[in-house]
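# Residue-level structure breakdown
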Amino acid sequence: PMAYVESVVEGSPAEKAGLQADDLVFRLGGRTIRTCRDFDDALAGRKPGEEVVVVVKRGVEMLQVTLVLA
């Protein structure tokens, strides 16, 4: 399946970055994301505190946010 944000936990890094439910993850850390597996692979090996640029599609807009990993 495509990598949609299912929900965002209050106080989480995702909420702090401005992600919202139903955002479609398009790029993560410079990698194109087509599936949930691509998303997991893009995060593999990253460490807490690391900043990752995430590009999401929200409706018709493409948005870029910085996610600080926990």
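A few points on the structure.

## Focus: the overall build of the chain
Secondary structure summary: the chain contains two helices and four strands in total. Counting from the amino terminus, the chain carries its helices and strands in the arrangement α-β-β-α-β-β. For 70 residues, the compact-globule estimate of 2.2 N^0.38 gives 11 Å, and the chain sits close to it at 11 Å. Its C-alpha atoms give the chain principal-axis dimensions of about 30 × 25 × 20 Å.

## A few points about the pattern of salt bridges
A complete count under the given rule lists two salt bridges for this structure. The shortest N-O distance in the salt bridge between Arg58 and Asp23 comes to 2.8 Å. In this pair, Arg58 sits in strand 3 (residues 51-58) while Asp23 sits in the loop between helix 1 (13-17) and strand 1 (24-28), placing the two residues 35 residues apart along the sequence. The class of Arg58 is partly exposed, set by a relative accessible area of 23%. A salt bridge links Arg46 to Glu50, with the nearest nitrogen and oxygen atoms 2.8 Å apart. Overall, Glu50 belongs to the partly exposed group, its relative accessible area being 29%.

## Things to note about the side chain of Asp23
You can call Asp23 buried: its relative accessible area is 1%. Within polar-contact distance, the side chain of Asp23 engages the backbone nitrogen of Gln20 at 2.8 Å. Discounting residues that sit within four places of it in the chain, Asp23 has contacts with Ala3, Tyr4, Val5, Val56, Lys57 and Arg58.

## Some words on the environment of Lys57
On the secondary structure map, Lys57 appears in strand 3. Other than its neighbours up to four places away in sequence, Lys57 contacts Asp22, Asp23, Leu24 and Met62.

## Comments concerning the sheet that holds strand 3
Strand order in the open sheet formed by four strands is 2-1-3-4, with antiparallel pairing between adjacent strands. What marks the edges here is a single partner per strand, and that holds for strand 2 (31-32) and strand 4 (61-68). Contacts from helix 2 (residues 36-43) reach strand 1 and strand 2, with the element oriented near 35° to strand 1.

Quick notes on the rules
Residues numbered from 1 in each chain as written. Predicted model: local features only at pLDDT ≥ 70, side-chain atom pairs only at ≥ 80, totals over all residues. Heavy atoms only, no water. Helix = DSSP H or I, 4+ residues; strand = E, 2+ residues; numbered from the N terminus. Rg over C-alpha atoms; globule rule 2.2 N^0.38 Å. Salt bridge = Lys/Arg side-chain N within 4 Å of Asp/Glu carboxyl O. Buried < 20%, exposed > 50% of the residue type's maximum accessible area, 1.4 Å probe, protein only. Polar contact = N/O pair within 3.5 Å; in protein donor to acceptor, adjacent residues only side chain to side chain. Contact = heavy atoms within 4.5 Å. Pairing = 2+ DSSP bridges. Axes fitted to C-alpha atoms, helices over the stretch in contact; angles between N-to-C directions.

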